[in-house]
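Reading the structure
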Amino acid sequence: MIPVPLVVCVLGGWCAVYLTDSVLKSSGKHRNSYEAWLGSHGVTLSPFQLRWQTTMFNRLFAYCARINPHALYLWFSSGVVFGVVAMVGSVVLLARTLQQTLAQMTSDSPRMAGQQALQVVIPGVNLPTSQLLYFFSALLLSGVIHELGHAVAALREQVRVNGFGMFVFVVYPGAFVDLFTTHLTLVSPIQQLRIFCAGVWHNFVLCLVALGLLFLLPLLLFPVYSTGGGALVTEVVQGSPADGPRGLSVGDIVTGLEECGVGGAEDWASCLSLLSLSPQTGYCIPAASLQPSWAHGRAYKRLDGSMDCCSNNSLTDLCFSYTSPRDKEKEYACMPVRKMVTGTPVCRRDADCLAQEHAGASVCVTPSLENQTRFIRVTHPPNTHMLFVGYPPHLQYSVSLTNFIPRFTFLHLDLPVFLETFCKYVVSLSGALAVVNSVPCFALDGQWMLNALLEATLVSVVTDRQRRELIGFFLLLGGSALLAANVALGLWMVTAR
């Protein structure tokens, strides 16, 4: 469901803006000055949309269009090839996404949602509010680069650019360029294709640049941030299993989870996944220190069949199971957990402890826990181990980590996280804009790309212009229906489930 406070804020904000606009336009005293101000600044208001247009960037666009004519010709010709391939690929991708959505609607498996390449994003619903700055910044950057491609390509093909603008529709920002329509209709279909394909081509290039920066980030930040030495804690959820005096703190460097080494944030997630699927790790303890303890009552069986021999109120003791060296029977002992496992080697069976013997025989003891519960030692030197008992996913979602460790104390811990997250959003959103705008759909770039492509390729095959337009109309109708079905079902999946 869409959060009611979000809907109220959006609707209330737009109602206030539209009401103010209506009052000023109906005022005899302020109407002329208000409309003059709007016109001089290129601002227009309509329900749920605010637009701003200017000509101040026209010189910049003209300069870019004159840099290297031959190189720009090759550049935008490459964009035509990409645009045609993307047009076909976008239809295949949308058809595949629609098939996956329909399969998910008839399935109870939640895992299928993560398999979709394209998903409808609604701020506050399937996009956390903490990520809004990344989302809107990346979306605006992708839109500006998209329109920059159209403007430079148009000027190179001798089509005048009337202006460049930005807009906000409901909550989504965007950009646009206003091209002189008469000039646009006079150039050849191939020239039109270079102009119309330039937007998605630039989005694709931006996606590749952001992807390259994402992979090169460790190298670019190497002088001030190191990697591979562990996972740096950037946030600990208050009240979570990782919080507390002997838990993790911001700035701690995690280097291991039990015997699984942690060299970065990815290792943290993979180690927790491995530990949740593997049997509980044991610890080598001298047999002389193991005596069955019934101080808290005799061992009893839990509902899942596991045994417990400690008081439920104990915060320092834990029940351990082991095989008695004398009679080879399974026994249980309640012992202080931190004292037992600090600096203790791990094991899977008693034979693993033979090499660790110093004074007498050692026995492999294993925490007696419920089936999915695990006991995990978290290594974060120079502090003592953090001891965790619970479900590994709870620990994973309690801590935010990064691969980048600052070399100097004055450096901000979150700077690499910000750059990394922003690059990921640019890759996703710029790639999505390239796909969506390539779809042969009414009111999108795909409409003009398809019309220009048909005019450039079908003139000798279908000589009648009306027939070519009819073919284009039905293709656009099919592409529009496909996109509309994906958006409608995507919205339903996000808001209704």
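In this text, all values refer to a predicted model and were calculated from it rather than measured experimentally.

How each quantity is defined
Residues numbered from 1 in each chain as written. Predicted model: local features only at pLDDT ≥ 70, side-chain atom pairs only at ≥ 80, totals over all residues. Heavy atoms only, no water. Salt bridge = Lys/Arg side-chain N within 4 Å of Asp/Glu carboxyl O. Buried < 20%, exposed > 50% of the residue type's maximum accessible area, 1.4 Å probe, protein only. Helix = DSSP H or I, 4+ residues; strand = E, 2+ residues; numbered from the N terminus. 1 Å grid on protein atoms, 1.4 Å probe; cavity = no way out; pocket = protein on both sides within 12 Å on 5 of 7 lines; lining within 4 Å. Points joined across faces, edges and corners; volume = space filled by probe spheres on them. Nonpolar A, V, L, I, M, F, W, Y, C, P; charged D, E, K, R; others polar.

A word on the pattern of salt bridges
This structure, assessed with the given rule, holds 10 salt bridges. For Arg156, the salt bridge is made with Glu157, and the minimal N-O distance between the two is 2.7 Å. Residue Glu157 is classed as buried on the basis of its relative accessible area, which comes to 4%. Linking Glu258 and Arg377 is a salt bridge whose minimum nitrogen-to-oxygen distance equals 3.4 Å. Here Arg377 lies in strand β17 (residues 374–379) and Glu258 lies in the loop between β8 (256–257) and β9 (260–261), a separation of 119 residues in the sequence. One network of salt bridges, in which partners are shared, links Glu455, Arg465, Arg468 and Glu469.

Some details on the layout of surface pockets
The computed volume of the second largest pocket comes to approximately 900 Å³. Taken together, 30 residues form the lining of the second largest pocket, with Ser400, Leu401, Val417, Glu420 and Thr421 sitting closest to its centre. In terms of residues, the lining of the second largest pocket owes the most to one element, helix α11 (residues 415–438), which gives six residues. Taken together, the residues of the lining of the second largest pocket break down into 16 nonpolar, nine polar and five charged.

Remarks on unusual backbone geometry
A cis geometry characterises the amide bond from Pro381 onward to Pro382, with omega recorded as 5°. Summarising the element assignment, Pro382 is placed in the loop between β17 and β18 (386–390). The backbone phi angle of Phe48 is positive, close to 65°, even though this residue is not glycine. Inspection of the secondary structure puts Phe48 in the loop between β1 (43–46) and β2 (49–54). Judged by relative accessible area, Phe48 falls into the partly exposed class, the value being 33%. For Gln158, which is not a glycine, the phi torsion comes out positive at approximately 65°. Here Gln158 shows up in the loop between α5 (132–156) and β3 (161–169).

With respect to empty space enclosed by the protein
Scanning the model with the defined rule gives one cavity of 30 Å³ or more in all. A volume near 40 Å³ is recorded for the largest cavity. As for the largest cavity, its lining consists of Glu258, Leu275, Ser278, Pro279, Gln280, Thr281, Arg374, Phe375 and Ile376. In terms of residue class, the lining of the largest cavity is made up of four nonpolar, three polar and two charged.

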